[in-house]
Amino acid sequence: MALQFLAATPALCENPEYTIVIKGHRFVPAQLSIPARTKVRIVLDNQGTTEEEFDSHALNREKHVAPGSQAIVFVGPLEPGRYIFQGDESDDPGGPALGIIEAR
């Protein structure tokens, strides 16, 4: 019985994982819903040909992602609400990529 509990423990400790693709200086999805009060793992998948950035003052996170690579960002646990993040400053029409994490 104790062995069954120990075997299940790592699965209980894992953080939910979400992926945000960065391509064409845009985040996909641009809005991500996550559970409130839960630490989550976000995989940033840069499918573009230039370095990109995930930057959020609200989340106190900044991560640079090389072209064609992935990076991991942990966020939370967050109180319910909306948290804005953005990409690199850009000369593209519309400015930098913008996104929202909504904790519910």
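It should be emphasised that the depicted structure is a prediction, and the values quoted were computed from it without experimental measurement.

### As for the pattern of salt bridges
In step 1: In total, this model carries three salt bridges according to the counting rule given.
In step 2: Across the pair Glu-17 and Arg-41 runs a salt bridge, and its minimum N-O distance is 2.4 Å. With Glu-17 in strand 1 (residues 17-23) and Arg-41 in strand 4 (residues 40-46), this residue pair connects regions lying 24 residues apart in the sequence.
In step 3: For Glu-17, a relative accessible area of 46% corresponds to the partly exposed category.
In step 4: You can call Arg-41 partly exposed: its relative accessible area is 28%.
In step 5: Residues Arg-37 and Glu-79 are paired through a salt bridge, measuring 3.2 Å at the closest nitrogen-oxygen approach. Of this pair, Arg-37 sits in the loop between strand 3 (31-34) and strand 4 while Glu-79 sits in the loop between strand 7 (70-75) and strand 8 (81-86), placing them 42 residues apart in sequence.
In step 6: With a relative accessible area of 55%, Arg-37 lands in the exposed category.

### Focus: the confidence of the model for the protein chain
In step 1: The share of residues in the protein chain with pLDDT of 70 or more is 82%, and the mean pLDDT across the chain is 87.
In step 2: Contacts of residues 3-10 to residues separated by more than four positions or lying in other chains number zero contacts, the stretch itself having pLDDT below 50.

### Focus on the environment of Asp-55
In step 1: Along the chain, the position of Asp-55 falls in strand 5 (residues 52-56).
In step 2: On the basis of relative accessibility, which here comes to 16%, the residue Asp-55 falls in the buried class.
In step 3: Residues Asp-55 and Leu-98 lie 43 residues apart in sequence; the distance between their C-alpha atoms is 9.6 Å.
In step 4: Those residues in contact with Asp-55 that lie beyond four places of it in its chain are Arg-61, Glu-62, Phe-85 and Gln-86.

### As for the environment of Gly-87
In step 1: Along the chain, the position of Gly-87 falls in the loop between strand 8 and strand 9 (98-103).
In step 2: Take Gly-87: its relative accessible area is 2%, and that puts it in the buried class.
In step 3: Along the chain, Gly-87 and Glu-62 lie 25 residues apart, while their C-alpha atoms are 9.5 Å from each other.
In step 4: With residues up to four places along the chain from it excluded, the contact list for Gly-87 reads Phe-27, Glu-52, Glu-53, Pro-96 and Ala-97.

Thresholds, definitions, all that
- Residues numbered from 1 in each chain as written.
- Predicted model: local features only at pLDDT ≥ 70, side-chain atom pairs only at ≥ 80, totals over all residues.
- Heavy atoms only, no water.
- Salt bridge = Lys/Arg side-chain N within 4 Å of Asp/Glu carboxyl O.
- Helix = DSSP H or I, 4+ residues; strand = E, 2+ residues; numbered from the N terminus.
- Buried < 20%, exposed > 50% of the residue type's maximum accessible area, 1.4 Å probe, protein only.
- pLDDT = per-residue confidence, 0-100.
- Contact = heavy atoms within 4.5 Å.

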